[in-house]
Amino acid sequence: MTQPDNDKSQQFLDEHEELAPGQGFQFACHSGVPCFGACCSALNLMLTPYDALRLRRSTGQTSRDFVHEYADMTAVPGVGLPLLHLHMQDTLDKRCPFSRNNACSVYENRPSACRTYPLGRATRPGPEGVLEQLFVLREAHCKGFEQASQWNTATWMTDQGLGAYNAANDRFMTLAADLRQFEQETGRHMDARQAGMSGLALYQPDDFQRFLVGSHLMDRLEMTEARREDVLHDEEACLDFGFDWLELSIMGHTDHLQPKA
Ligand code: SF4
Ligand code: SF4
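Nothing here was measured: the structure is a model prediction, and the numbers come from that model.

## Brief notes about the domain arrangement of the protein
By domain assignment, the protein separates into domain 1 (6–162) and domain 2 (171–259). Of note, the centres of domain 1 and domain 2, computed from C-alpha atoms alone, are 25 Å apart. The interface of domain 1 with domain 2 comprises 21 residues on the first partner and 22 residues on the second. Within the residue set of the side of domain 1 that touches domain 2, elements represented by two or more residues are helix H2 (49–59), helix H3 (63–70), strand S5 (82–86) and strand S8 (119–126). When residues in the side of domain 1 that touches domain 2 are grouped by element, the largest group, four residues, is from H2. For the side of domain 1 that touches domain 2, the class distribution of residues is 13 nonpolar, seven polar and one charged.

Here you go:
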């Protein structure tokens, strides 16, 4: 199981079969396939903010405990926006920490890359929204392609519950692209404190909610009273606010960014 990022989308274009919107493919994954669970090892698995939010719902941990136990904080290449990387276990086969007896113990909240597989999804900003490309990731060990079930790109996305994941991941990609463009145009970039605030807004919604209670940050966006309540009590609404706030900060109030040394 591999995961494309936007910087590698051209490489995916070259190496994998691209599917047109709605194009069909044959695949099934279930406990009866001979390779069941084989793909949950030695993964380079990035966790988007929404991936982390959902996974943490399964572990029941605070965001700090979750990151400490399961992830490394890295950054989107060339941008500095925080990005989590899931630790594989320190075993010979480097199993995913959520793999139990070859099954996924966090299936309801598994990350977007696990849901999307055997497809890969590459996205980039377009003139009228996010442009999406989907690829078939045919890996020799995966026997799912020998199963009879027929899908197309749309039915697969729906079956795997990817709607909320793709929507949130598209916001994250757009934020990274906006920040990259801003840095190219102005030569200014986030400093460590601002990267830390981005990490708080994107990966620590529980802490961010506590922070918001004692700050005037929400006053910087026009919001209904109902949305304010949601932001303070619903982590998905809080993440959505975090995207809005960071986009406003990056595109609207550039004084939070420091000149490059
Ligand atoms: S069929 Fe493919 S996705 Fe399913 S367990 Fe086997 S290798 Fe993994
Ligand atoms: S989260 Fe679940 S599906 Fe994804 S790699 Fe881990 S065990 Fe496999």
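Back to the write-up after that little detour.
## Digging into the site of ligand 2
Inspection of the region around ligand 2 gives Cys-40, Leu-43, Cys-96, Phe-98, Ser-99, Cys-104, Val-106, Arg-110, Pro-111 and Cys-114 as its neighbouring residues. A class-by-class count of the residues in the shell around ligand 2 yields eight nonpolar, one polar and one charged.

## A few points about the site of ligand 1
Every residue near ligand 1 is listed here: Cys-29, Val-33, Cys-35, Phe-36, Gly-37, Ala-38, Cys-39, Tyr-117, His-141, Cys-142, Lys-143 and Gly-144. Looking at the shell around ligand 1 residue by residue, the classes come out as eight nonpolar, three polar and one charged.

Criteria and cut-off values
- Residues numbered from 1 in each chain as written.
- Chains lettered and ligands numbered in written order.
- Predicted model: local features only at pLDDT ≥ 70, side-chain atom pairs only at ≥ 80, totals over all residues.
- Domains from an automatic or database assignment.
- Contact = placed C-beta atoms within 7 Å.
- Helix = DSSP H or I, 4+ residues; strand = E, 2+ residues; numbered from the N terminus.
- Nonpolar A, V, L, I, M, F, W, Y, C, P; charged D, E, K, R; others polar.
- Near = placed C-beta within 6 Å.

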